[in-house]
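Residues per chain, in single letters:
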Amino acid sequence: MAYREKVSIASDGKRDGADYEAIAESRVPNYSAAIVKGSMEQTGTPLLSAEDITVRIGTRVLLQNVTFSIGPGEFCGLIGENGAGKTTLLRSLIGLQHSPHGRVRVCGLPPAKARDWVGYVPQKINFAPDLPLRVFDLVLLGCDGHRLGPRWFSRRLREQAHKAICAVGAEGFAYQRIGELSGGQQQRAVIAHAMARQPRLLLLDEPLANLDFRSASELAQLLGHLSRVHGISVLVTAHDINPLLSLLDRIVYLAKGRAASGSIEEVVQEETLSRLYGYPVAVIKHGGKLLVLPDVGPREGEDGCYVVPDARSAEGV
Amino acid sequence: MLVWLAHILHFSFFHSGPVRTALLVGGCAAVVCAVIGVFTILRGHAFAGHALGDVSSAGGSASFFLGISPLAGFLGIAAIAAMSLEFLGVRRVRDQDVATGIVLGAGLGLSALFLYFDITTTSTTGAAVTVMFGSMFALSPSLIWPSIIVAILGLGTVSVLYRPLLLSVADPELAATRGISNRWVGMLHLLALAGAVALAALSVGSVLASALLIGPAAAALRVSRRPCVAISWAIILGLVAVWGGIWLAYESYYWFSGNAWPVSFFVVVIIFAMYLLGAPCQQLLRRRVRVAEPLPEGTER
């Protein structure tokens, strides 16, 4: 499907090519609308492209020549073991990571110029219980939090926030203090915050962490809904990819600082995942669905001690 | 109520020059402390606010020694201390208390030196009490306009930064994602905090400045679910505390046969009572049944 068609469907008729043009002219003076429009008109032009991203922290090379792209409306998972650099990569994509080498383009623009088109949900969000901020207020800040001066009443902003809240199904707790909500509700609120400016790309860092089965499943379904119905490209990192497997179009995986991507069928295989995580991983097909599980749990050794299989046991896989 | 008002007016409360000065300067301090205090608590800088108050005593005592405006003294040292906190690491949570403690110690040492000079060279024996605990009825009318200007600057800074500051308070990473520089926002907030602390130190003394900065804001935060509501409540509570304290101190002259009790004492007592009353109000607020309702289109509760 052509990018323009996808955008038109995705935007619910609210943001089409002309809107992009207007936004580019009004907010991105250094980048002409023609660049954005041109990239949109090219069929198959990626919404997000990362080329040769290299990040060094001290002497350690965390990411090396990472290259991948995400097309419009694509739902991608980003997986890798702890410390593989998933969060660093996400932060590089939105310009939060200091001094990454390489080239990132979102809708043909560098990350700093494309903030309006990217929604980001960070990994660690700790709202203080006494924070006098309701979900509605947080979503409003997603619309205009970067602007200076006091906010005057704006029906357009409130409707925009209202749409974002409805899109994530947060109507029931929109007027509650955000610090008093459950983890799943807070995640929905932050996704609504990220959705407030009707982004084209949503980056989520471990959104399913610390959620129970039901909340994780509901949140995964919500992300799938946002991708399908609103046409938003999604890049999500997760340790437990089971709730996402039925929704993913593609998986980008990080190992030893490098990235590769493939379809679900290519990546979700025992051999590939075991090599990726350095740990035996089993892939089970149950009821037409794939399930990824650790292959071996703690077991009793010869001397009576419990032995946890380590990376060495996966080397031969 | 009318009898009570007539009683106040009968005693020429509003016709007294020192009272009018105290009401205006104290009112400025109450308003600016309320607004900035809310963000100070939310940013977790309550201890830094207290430390700035204590450190500003060096400026107050220096002003006695040098013969300059006490507001200039309080403000100058508080601003220098605020910048020192920023550069020593108040941004990093783990280093906050360490940096604050170091600046606090240095400031109090300087304060001790200037108070020593005050006592030994200028014979201003009441300087220590005035600097530490304030003396609102002794404020010069020439301080009214400088106080109003400092208050306007502080409120203007927070007004301009309102939304970025709020987003930064909610989550610094969310703010950074929107292109907000958390460092600049934090630095400007600290400068505004220095202005608020200077006004509070001028009014109720440097030691008690944190009471005016933190107390009304903390009580308001207990009973508010929205930032603008919390700020409004903090302003009301701050004004009630300061103006109520001034009135009680004025009245106490007649209660204790010609010896008026200090304004600062009454202000702090009222603030303490407000904070205690905030607890049951908070419980009542939590007990309210929240019914999930769909959002009305384009409207807000």
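The structure presented is a predicted model; accordingly, all values stated were derived computationally and were not measured. (Residues numbered from 1 in each chain as written. Chains lettered and ligands numbered in written order. Predicted model: local features only at pLDDT ≥ 70, side-chain atom pairs only at ≥ 80, totals over all residues.)

## Some details on the overall build of chain A
Then step 1. The secondary structure content of chain A amounts to 11 helices and 13 strands.
Then step 2. Taking all 317 residues of chain A together, the buried fraction comes to 44%.
Then step 3. Considering only contacts within chain A whose residues lie at least 6 apart along the sequence, 66% involve residues at least 24 apart. (Helix = DSSP H or I, 4+ residues; strand = E, 2+ residues; numbered from the N terminus. Buried ≥ 20, exposed ≤ 12 C-beta atoms within 10 Å, placed from the backbone. Contact = placed C-beta atoms within 7 Å.)

## What to know about the nonpolar core
Then step 1. Within the largest apolar cluster, 184 residues are counted, with the highest numbers of intra-cluster contacts made by A:Ala192, B:Val38 and B:Ala78.
Then step 2. Element by element, the count of residues in this core is highest for helix 2 (residues 17–42) of chain B, at 17 residues. (Core = buried A, V, L, I, M, F, W, Y, C linked by C-beta atoms within 7 Å.)

## Quick notes on helix 4 (residues 70–88) of chain B
Then step 1. Here helix 4 of chain B is 19 residues long and its end C-alpha atoms lie 27 Å apart, about the 27 Å a rise of 1.5 Å per residue gives.
Then step 2. Within helix 4 of chain B, burial applies to B:Pro70, B:Leu71, B:Gly73, B:Phe74, B:Leu75, B:Ile77, B:Ala78, B:Ala79, B:Ala81, B:Ala82 and B:Leu85. (Expected span 1.5 Å × (residues − 1).)

## So, the environment of B:Ala234
Residues and elements named next belong to chain B.
Then step 1. With respect to the secondary-structure elements, Ala-234 resides in helix 11 (residues 227–255).
Then step 2. By the C-beta count within 10 Å, which is 27 here, Ala-234 ends up buried.
Then step 3. Ala-234 sits 19 residues away from Gly-215 along the chain, and the two C-alpha atoms are 8.6 Å apart.
Then step 4. The contacts of Ala-234, once residues within four sequence positions are left out, are Ala-34, Val-35, Gly-37, Val-38, Pro-216, Ala-217 and Ala-220.

## Some thoughts on the sheet that holds strand 6 (residues 201–205) of chain A
All names here are of chain A.
Then step 1. One open sheet holds the six strands; their spatial order is 5-6-7-3-8-9, and the pairing between them is mixed. Strands at the two margins of the open sheet, each flanked by one partner only, are strand 5 (118–121) and strand 9 (258–262). Going across the sheet, the axis of each strand differs from the next one's by a mean of 15 degrees, ignoring polarity.
Then step 2. The sheet contact formed by strand 8 (residues 250–255) and strand 9 spans five bridges and is antiparallel. Directly across from Ala-255, in strand 9, lies its bridge partner Arg-258.
Then step 3. Packing against the sheet, helix 4 (residues 86–93) makes contact with strand 3 (75–79), strand 6, strand 7 (233–237) and strand 8, and its axis sits at approximately 150 degrees to strand 6. (Pairing = 2+ DSSP bridges. Axes fitted to C-alpha atoms, helices over the stretch in contact; angles between N-to-C directions.)

All quantities given are derived from atomic positions and should not be read as evidence of function.
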